[in-house]
Number of protein chains: 2
Amino acid sequence: MDLTRPRFVLFGDSITEQSFRPGGWGAALANSYARKADIIVRGYGGYNTRWALFLLNHIFQLNCNDTPAVTTIFFGANDAVILGRTSEKQHVPVEEYKQNLRKIVHHLKECSPTMLVILITPPPVDEDGRNEYARSLYGDKARELPERTNEMTGIYASNCVELAQELSLPCVDMWSRMQETVGWQKKFLSDGLHLTPEGNDAVFKEVGRALKNAGLSPEALPSDFPHHSQIDGKLPGKAFEASEHTD
Amino acid sequence: MDLTRPRFVLFGDSITEQSFRPGGWGAALANSYARKADIIVRGYGGYNTRWALFLLNHIFQLNCNDTPAVTTIFFGANDAVILGRTSEKQHVPVEEYKQNLRKIVHHLKECSPTMLVILITPPPVDEDGRNEYARSLYGDKARELPERTNEMTGIYASNCVELAQELSLPCVDMWSRMQETVGWQKKFLSDGLHLTPEGNDAVFKEVGRALKNAGLSPEALPSDFPHHSQIDGKLPGKAFEASEHTD
């Protein structure tokens, strides 16, 4: 394969794994960077940052010659599950969450000091939505208390924002950003946790803004190979010679 | 980057380039192969097979260690434009189209003899749809005769099918397949040429069928890294040791 197109890796949990579903933020990025960058998904449903550390050396190998130009790190929704409730297996204490994120960033910067690393906070949690979802699955047997709360997830989100400031990294604070919109609970979240198409669009727009601020908007990147309008029907080779010169 | 996940490359014209728009067949493939394969788009709007040849050595480099496991070749919609009408610059005679496809396949097989190469014929053309589209852009100044006809595109499609038979390759004959559905003109085509979400879904399903026939359905491929349900909350490392053994 050619290595000329930059790669943007989306590293995260289910919200990243599902980002190519219809309306997904990953697919929207792939579409807006058509002929400019490859969008590579490395999303692992249910994973927290503690488990993500086991993947680092596999996904982001040191001393390889095709490190990503950009990596988004989008964990926290699972780290923030509440101890003593269902799903507690996924819980990671907030200090460790922050430390794990720091380790991930350090590893990526070791792979490539010039890599743009974007931290994304978990989205807010709609506890009513979580309860409805649990009842839709388990009826009367559904657990009484939601396994995640918006308040607790907010603590993780603010630790993510803090870390980004400490490391001078761009941060997309979806927890705060989404809650600025009235009705965010149903508008952006399908089951109180995962994203609706509108929620995906909000992530796409915010990540797009972070990329633009770093000089990596689609408009700022070269398109690979000549546009068809630049190709001479009789002497097509000329357009491709020119593109080789600018490679 | 890790090279463990197989790569599926989508090589073609605008119908491939646009395949990550909402409802797009490329995004649908990426979603259905989540954690199984990377879908890499190499679509070039307006390109015919003659121009595609200039890209081959760049996109599919010989002697590289990360050749795609699968490549779809989806050209012909531009080769088939009619001489003497608008867009004639894109026209490629049908014999040359077939020969160019053959060259592309040979190059890919030289990259990797085990690569699965899937030929896709151009979709049918709705001439009324093309006329309406031209009038929507140019009003009374629109050209009189459509730059593509369904009949002519059908000749290219049948040459593509023939070549696939000669080379024993799977072929997705969208030209024939779509016309089996009553109302294909508006159901599958947005402007008489490009795909609606339903048209994209039809391509997704047919390409998915070709992949399945070759033993490469999502169910047949391993998922990368353990499912979260297999991870022991107290001893998470165990699940990852096991996954290293099966690498």
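Residues numbered from 1 in each chain as written. Chains lettered and ligands numbered in written order. Predicted model: local features only at pLDDT ≥ 70, side-chain atom pairs only at ≥ 80, totals over all residues. Heavy atoms only, no water.

Q: Would you explain the overall build of chain A in this entry?
A: Regarding its fold elements, chain A presents 10 helices and 5 strands. Based on the C-alpha atoms only, the size of chain A along its principal axes is roughly 70 × 35 × 30 Å. Of all 247 residues assigned to chain A, the portion counted as buried reaches 56%. Within chain A, contacts between residues at least 6 apart in sequence are counted, and of these 76% link residues at least 24 apart. (Helix = DSSP H or I, 4+ residues; strand = E, 2+ residues; numbered from the N terminus. Buried < 20%, exposed > 50% of the residue type's maximum accessible area, 1.4 Å probe, protein only. Contact = heavy atoms within 4.5 Å.)

Q: Please clarify how helix H4 (residues 94-111) of chain A should be interpreted in this entry.
A: Every α-helical turn comprises 3.6 residues, leaving residues that sit three or four positions apart pointing alike. End to end, H4(A) covers 26 Å across 18 residues, agreeing with the expected 26 Å (1.5 Å per residue, within 8%). All buried positions along H4(A) are accounted for by A:Val94, A:Tyr97, A:Lys98, A:Asn100, A:Leu101, A:Ile104, A:Val105, A:His107, A:Leu108 and A:Cys111. (Expected span 1.5 Å × (residues − 1).)

Q: Which parts of the structure should I look at to understand the nonpolar core?
A: Where a protein is soluble and globular, its nonpolar side chains tend to be buried together. Ranked by internal contacts, the top residues of the largest apolar core, which has 68 residues, are A:Phe11, A:Tyr47, A:Ile73, B:Phe11, B:Tyr47 and B:Ile73. In contact with B:Ile73, not counting residues within four places along its chain, are B:Phe11, B:Leu101, B:Ile104, B:Val105, B:Leu108, B:Val117, B:Ile118, B:Leu119 and B:Ile120. (Core = buried A, V, L, I, M, F, W, Y, C linked by side-chain atoms within 4.5 Å.)

Q: Quick question: what am I supposed to make of the interface of chain B and chain A here?
A: The parts lose accessible area when they come together, and the size of an interface is often stated as this lost area. Each side of the interface is counted separately: chain B has 47 residues, and chain A has 46 residues. Regarding the contact of chain B and chain A, the summed buried area is about 4,300 Å², with carbon and sulfur atoms giving 57% of it. Linking chain B with chain A are 4 salt bridges. Between A:Arg35 and B:Glu17 there is a salt bridge, with its nearest N and O atoms 3.5 Å apart. Where chain B packs against chain A, one counts 16 residue pairs in polar contact (both at pLDDT 80 or more). Sorting the residues of the side of chain B that touches chain A by element identifies strand S1 (7-12), helix H2 (25-32), strand S2 (38-43), helix H3 (49-52), helix H4 (56-59) and helix H11 (237-245) of chain B as the ones contributing at least two each. With 5 residues, the single largest contributor to the side of chain B that touches chain A is S2(B). (Buried area = accessible area lost by both parts, 1.4 Å probe. Salt bridge = Lys/Arg side-chain N within 4 Å of Asp/Glu carboxyl O. Polar contact = N/O pair within 3.5 Å; in protein donor to acceptor, adjacent residues only side chain to side chain.)

Q: Quick question: what am I supposed to make of the sheet that holds strand S3 (residues 70-74) of chain B here?
A: What holds strands together in a sheet is hydrogen bonding between their backbones, with the strands either parallel or antiparallel. All names here are of chain B. In space, the 5 strands of this open sheet follow the order S2-S1-S3-S4-S5, with parallel pairing throughout. Each end of this open sheet is capped by a strand with a single partner; those strands are S2 and strand S5 (171-172). Inspection of the sheet shows S3 paired to strand S4 (residues 116-120) by 4 bridges, in the parallel sense. Counted as the bridge partner of Thr 72 is Ile 118 from S4. Against the sheet, helix H5 (residues 94-111) engages S1, S3 and S4, with an angle of about 170 degrees to S3. The sheet contacts of helix H10 (residues 197-213) involve S1, S3, S4 and S5, and relative to S4 the element is tilted by about 145 degrees. (Pairing = 2+ DSSP bridges. Axes fitted to C-alpha atoms, helices over the stretch in contact; angles between N-to-C directions.)

Q: Help me out: how do you make sense of the pattern of salt bridges in this one?
A: Once their charged atoms are close, side chains differing in charge can pair, the charge on each being opposite to the other. As enumerated under the stated definition, the model contains 38 salt bridges over all chains in all. With a shortest N-O distance of 3.4 Å, A:Asp66 and A:Arg7 are connected by a salt bridge. Within this pair, whereas A:Asp66 is found in the loop between helix H3 (49-59) and strand S3 (70-74), its partner A:Arg7 is found in strand S1 (residues 7-12), the two being separated by 59 residues in sequence. Its salt-bridge partner being A:Glu206, residue A:Arg177 comes within 2.8 Å of it at the nearest N-O pair. Here the residue A:Arg177 occupies a position in helix H7 (residues 174-179), and A:Glu206 occupies one in helix H9 (residues 197-213), the gap between them amounting to 29 residues. When its relative accessible area of 13% is taken as the criterion, A:Glu206 is described as buried. The network of salt bridges with common partners includes A:Arg5, A:Arg35, A:Asp38, A:Asp224, B:Glu17 and B:Arg42.

Q: How should the relation of the copies chain B and chain A be read in this particular structure?
A: To go from the first copy of the chain to the second, apply a rotation about an axis and then a shift along the same axis. Relative to chain A, chain B is turned by 180 degrees and slid 0.0 Å along the rotation axis, the superposed coordinates differing by an RMSD of 0.0 Å. The symmetry that links the two subunits is that of a two-fold axis. (Least-squares fit on C-alpha atoms with pLDDT ≥ 70 in both.)

Q: Would you take a moment to explain the pairing of S1(B) for this structure?
A: Working note: regular strand, side chains alternate between the two faces of the sheet. Residue and element names in this part refer to chain B. Counted residue by residue, S1 has 6 buried out of 6 residues, so it is predominantly covered. Examined bridge by bridge, S1 and S2 share 6 bridges and lie parallel to one another. When the bridges of S2 are listed, Leu 10 appears paired with Val 41.

Q: Any chance you could explain the pairing of S1(A) here in plain terms?
A: All names here are of chain A. On S1, burial covers both faces: Arg 7, Val 9 and Phe 11 on one face and Phe 8, Leu 10 and Gly 12 on the other are all buried. Here S1 runs beside S3; their pairing, made up of 5 bridges, is parallel. Each bridged residue has a counterpart across the sheet, and for Phe 8 the counterpart in S3 is Val 70.

Q: How do you make sense of the packing of helix H2 (residues 25-32) of chain A against H9(A) when you look at a structure like this?
A: Residues and elements named next belong to chain A. Where H2 contacts H9, the two axes come as close as 8 Å, and the packing angle between them is 45 degrees. If you check the angle between H2 and H9, you find them oblique. Here H2 and H9 pass one another in a crossing that is right-handed. Residues Trp 25, Ala 28, Leu 29 and Ser 32 of H2 form the contact with H9, whose participating residues are Asn 200, Val 203, Phe 204, Val 207 and Leu 211. Partitioned by chemical class, the residues of the contact of H2 with H9 number 7 nonpolar, 2 polar and no charged. (Parallel < 35°, antiparallel > 145°, perpendicular 65-115°, else oblique. Left-handed = near helix turned anticlockwise from the far one by under 90°. Nonpolar A, V, L, I, M, F, W, Y, C, P; charged D, E, K, R; others polar.)

Q: Where do I start with helix H6 (residues 127-138) of chain B in this structure?
A: Residues and elements named next belong to chain B. For H6, spanning 12 residues, the distance from its first C-alpha to its last is 16 Å, which sits close to the expected 16 Å at 1.5 Å a residue. Within the sequence span of H6, burial applies to Gly 129, Arg 130, Asn 131 and Ala 134. Buried residues along H6 sit against helix H9 (184-187).

Q: I would appreciate a short explanation of unusual backbone geometry in the present structure.
A: Generally, phi is negative for residues other than glycine and the peptide bonds are trans, each holding for most cases. Residue and element names in this part refer to chain B. Residues other than glycine seldom take positive phi values, yet Arg 35 does so here, at roughly 65 degrees. Taking the relative accessible area as the measure of exposure, Arg 35 reaches 5% and is therefore buried. Non-glycine residue Ser 87 carries a positive phi angle of around 75 degrees.

That's the geometry; what it means functionally is another story.
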